[in-house]
Structure formats: structure tokens, C-alpha cells
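Each chain is listed here by its residues.
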Amino acid sequence: LSVAVTLARQWLMQTDPATEALVRKTVADAVNTQLDYLALFGTGSNDQPLGLMNQVGVQSAVYGGAATFTGLLAQEQALAQANIPEASFGWAISPQTRARWKAISRAAGNSFFLIENGRAIDYPALASNQMAGTHQSVFGAWPTFLVLIWGDYLDMILDRVTGAGKGECYLSAHLWFNVLPLYPQAFEISADAANQ
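All residue numbers refer to positions counted from 1 along the written sequence of the respective chain. In keeping with the predicted nature of the model, local features appear solely for residues at pLDDT of at least 70, side-chain atom pairs appear and are counted solely at 80 or more, and the whole-chain, interface and lining totals rest on all residues. Excluding hydrogens and water, the side-chain figures rest on all heavy atoms present in the structure.

(A) Local environment of the overall build of the chain. If you tally the helices and strands in the chain, you get four helices and ten strands. Helix and strand labels come from DSSP, where a helix needs a run of H or I of at least four residues and a strand needs a run of E of at least two; each type is numbered from the N terminus. For the chain, the α and β elements follow one another from N to C terminus as β-α-α-β-α-β-α-β-β-β-β-β-β-β. Here the globule rule reads 2.2 Å times residues to the power 0.38, and the radius of gyration is calculated from C-alpha atoms. Scaling as 2.2 N^0.38, a compact globule of 196 residues should have a C-alpha radius of gyration of about 16 Å, whereas the chain reaches 21 Å, well beyond that. Dimensions of the chain, computed from the C-alpha atoms along their principal axes, are close to 70 × 35 × 25 Å. Throughout, a residue-residue contact means that at least one pair of heavy atoms, one from each residue, lies within 4.5 Å. Considering only residue pairs separated by 6 or more positions, the chain has 73% of its internal contacts joining residues 24 or more positions apart. Accessible surface area values rest on a Shrake-Rupley calculation with a 1.4 Å probe, where residue burial reflects the displayed protein chains alone. With an accessible surface of roughly 10600 Å², the chain has 54% of that area assigned to carbon and sulfur atoms. Neither His nor the chain ends is counted toward charge; the positive residues are Lys and Arg and the negative residues Asp and Glu. Charged groups are reduced to one reference atom each: NZ for lysine, CZ for arginine, CG for aspartic acid, CD for glutamic acid. Averaging the positions of the 10 positive and the 15 negative side-chain charges in the chain gives two centres separated by 7 Å.

In C-alpha cells, the structure reads:
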């Protein structure tokens, strides 16, 4: 992953170290956002890693109709049958799925919902804008999903020479990484989670 930013040399000369820290943080945030996206949706081509959604062996859950507490329990059971330790389970869901699940009761006439206090069937349920616009959910053993990073995380280089004639400095940042689900069967993806 690479990022290139053009900065005015005059701006750099007129600011203090806190501004440089802000630029570095902004670049790091952009890289982290893209890293998250590629870890989930990478195609495995065009220098992208093979993201979790495209891995062979990942389980799928399609229940159709409205989401139910029983449906979520079935996902838990599918992973338990694959001998995945329950203590490490968690949900990654789209914001649409989170909104829908917060409005669905666990049972008719019940005042408990599919998501209560940020948890679905007792496991953390975190919404990610990386999945925005989808009705997806991923239930799995997240500690078995490795993000492998080489070097000192984010390599940033400030070039004050190349653009000196134009009064510009070039900041480039590079991250060398890959992703690896140790056990693809430790994850179950539902493409209709907001509707299931």
C-alpha cells in the first residue's frame, strides 16, 4: 500500500512539529482504512491480498426472510461444529445491519433485541464503514485472521529535493503487508444479514 502527498515547502517552514504529526496521522489513518478494506475485500489480483470475503473455505449463511435470534444461533453452531473455540468469536457487520438488528426482537413480545449493548448472541458486534452499503455480516474467530506486516509498519519518506524548484515537498508512505485466515472455516459470511 502506498500513499503520496504533495506539501508546500513554505507551509512546512511556517508550521510546528504538531502540524507534521497531524500530517503523519492523517496519512496513517488513510493507510489503515485501506488496509481494513483490503483485508476484507481484497481480490488477490492487481497487487491486492486475497481478502476474507474471497477466501476459499469460508462458510456462508443465507437464511432469507427477517433476521432471527435462532438464525444467529445457527451461525454460532456452524462454527462450533468446525471446532473453533467460542471464546474468540465476534461479529463484523455493516452499519445497515447494525441498525436493522437493533430493531429486531429476539422473540415475539420480547424487549430484548438481536444487538444489546454492542453484542449479538453474547459476542462483540462491531459495525464497520468498510462494509457500508451492504447487508453483510461476518461471524468468526477474529484472532485467527492474521494481518502480516513487514518492516516498521509504515515507512514514511519526506523528499525535499525533487520538487524544490516548485516549492514542494513530497511525502510518500509505504506499507508492506498480507492477510491470512489461519482457518477459513472459522468465519461465516451472510450476504443478507440486514434481511435474514
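Picking up after the structure, the text goes on.
(B) Focus on the sheet that holds strand E10 (residues 187-190). What the seven strands build is an open sheet, ordered E2-E10-E7-E3-E6-E5-E4; its pairing is mixed. Two strands lie at the open edges of the sheet, namely strand E2 (59-60) and strand E4 (115-116), each paired on one side alone. When DSSP finds two or more bridges between two strands, those strands count as paired.

(C) Focus on the environment of phenylalanine 113. Of note, phenylalanine 113 is situated in the loop between helix H4 (95-101) and E4. A simple rule labels every residue: compare its accessible area, found with a 1.4 Å probe on the protein chains alone, to the largest value its type can have, and call it buried under 20%, exposed over 50%, or partly exposed in between. Assessed through its relative accessible area of 27%, phenylalanine 113 is described here as partly exposed. On a C-alpha basis, the gap between phenylalanine 113 and valine 58 in space is 27 Å, while along the polypeptide they are 55 residues apart. Excluding anything up to four places from it in sequence, phenylalanine 113 contacts Trp101, Lys102, Ala103, Ile104, Ser105 and Arg106.

These values are about where atoms sit, not about what they do.
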